[in-house]
Amino acid sequence: PYSNTEIVTVGSKGDTTWETFSTIFDMTEPTDEGTIFAVTMGAVGGKQIDKLHEIYLDDFVLEETNEEIPSEGDNTEGTEIIRDGKFTTTQNWDGNWGAFTAGTNIKADADITFTGAGAKFDIRCGGEDKWNIQLQQSGLTLEKSKIYDVKIVMESDHARDVTFGIQDSADATLFGDDITL
């Protein structure tokens, strides 16, 4: 239902500067009022990462746009769909920060901290699957025939891949990109 995928290199070779991942996609299926936005940080290609490392995420944007390819430096933004993408909410409890949910399953091991300036994942073991560690927000509405722009600012102190995905309300991955940090 979503089109346009690409692999984006972000902060490769141990570069720990904040980098922005950005992509545009078209919604070609019926409107979905239960869309899930997720970033997964578990195993890479089915291989566990057991080296202690940190991933930082901030400034999530998912917005409707009228442009297939946004202009360089264009600051005319569309309707923002992600709630509190800059993590300014002051509530922090049991893996949640405002509208975001973060967590690991039993096969992964990580400490997750929300700072009000982003999310920090101290990962000791990534588990066996990429979805074993993730940050997500659900209940988003994407409309048929609309074009959406996605941006995420992130960094890692260890070269690795993370996966960005948008899932339908039935939890099927509909659009996603692997991002190399």
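Note: the structure precedes this text.
Cut-offs and rules
- Residues numbered from 1 in each chain as written.
- Predicted model: local features only at pLDDT ≥ 70, side-chain atom pairs only at ≥ 80, totals over all residues.
- Heavy atoms only, no water.
- Helix = DSSP H or I, 4+ residues; strand = E, 2+ residues; numbered from the N terminus.
- Buried < 20%, exposed > 50% of the residue type's maximum accessible area, 1.4 Å probe, protein only.
- Contact = heavy atoms within 4.5 Å.
- Areas by Shrake-Rupley, 256 points an atom, 1.4 Å probe, with all protein chains shown as cover.
- Pairing = 2+ DSSP bridges.
- Lys, Arg positive; Asp, Glu negative; His and termini not counted.
- Salt bridge = Lys/Arg side-chain N within 4 Å of Asp/Glu carboxyl O.
- Polar contact = N/O pair within 3.5 Å; in protein donor to acceptor, adjacent residues only side chain to side chain.
- Axes fitted to C-alpha atoms, helices over the stretch in contact; angles between N-to-C directions.

**Q** Let's hear about the overall build of the protein: which residues, and what values?
**A** In terms of regular secondary structure, the protein is built from zero helices and 13 strands. Counting helices and strands in the order they occur from the N terminus, the protein gives β-β-β-β-β-β-β-β-β-β-β-β-β. Taken across its 181 residues, the protein has 44% of its residues classed as buried. A fraction of 72% describes how many contacts in the protein between residues 6 or more apart in sequence connect residues 24 or more apart. Just so you have it, the protein exposes about 8,900 Å², and 46% of that area is on carbon and sulfur atoms.

**Q** Describe the pairing of strand β12 (residues 161-167), listing the residues and the values that go with them.
**A** Within β12, six of the seven residues are buried, leaving the element largely enclosed by the surrounding structure. As defined by bridge partners, strand β3 (residues 32-40) adjoins β12 across five bridges and the pair is classed as antiparallel. Residue pairing across strands places T40 opposite T163, the latter belonging to β12.

**Q** Can you explain the pairing of strand β4 (residues 53-65)? Please cite residues and give values.
**A** Judged from the five bridges that link them, β4 and strand β9 (residues 119-125) form a sheet pairing that is antiparallel. Along β9, the bridge assignment pairs L57 with A119. Taken together, the nine bridges between β4 and strand β11 (residues 147-156) define a ladder with antiparallel strand orientation. Following the sheet pairing, E64 is matched in β11 by Y148.

**Q** Would you mind going over the side chain of R160 in detail, with residue names and values included?
**A** Residue placement: R160 occurs in the loop between β11 and β12. The buried charged residue R160 lacks any salt bridge partner; its closest oppositely charged side chain belongs to D161, at an N-O distance of 6.9 Å. At a separation of 3.1 Å, a polar atom in the side chain of R160 contacts the side chain of H53.

**Q** Describe the sheet that holds β9, listing the residues and the values that go with them.
**A** On the basis of which strands lie adjacent, the open sheet formed by five strands has the order β2-β11-β4-β9-β8 and antiparallel pairing. Two strands close off the open sheet at either side, each with one partner strand: β2 (19-26) and β8 (109-114). Going from strand to strand, the sheet's axes swing by 25 degrees on average, the running direction of each strand aside.

**Q** Report on the pattern of salt bridges, specifying residues and quantitative values.
**A** Across all of its chains, the model carries nine salt bridges by this definition. Between K107 and E128 there is a salt bridge, with the nearest N and O atoms lying 3.3 Å from each other. Here E128 lies in the loop between β9 and β10 (133-142) and K107 lies in the loop between β7 (100-104) and β8, a separation of 21 residues in the sequence. By relative accessible area, E128 is classed as partly exposed at 41%. Ionic pairing is found between K120 and D122, a salt bridge with its closest N-O pair at 3.7 Å. By relative accessible area, which is 15% here, D122 ends up buried. Look at the salt bridges and you will find they share partners, linking E54, K120 and D122 into a network.

None of this, on its own, says anything about what the molecule does.
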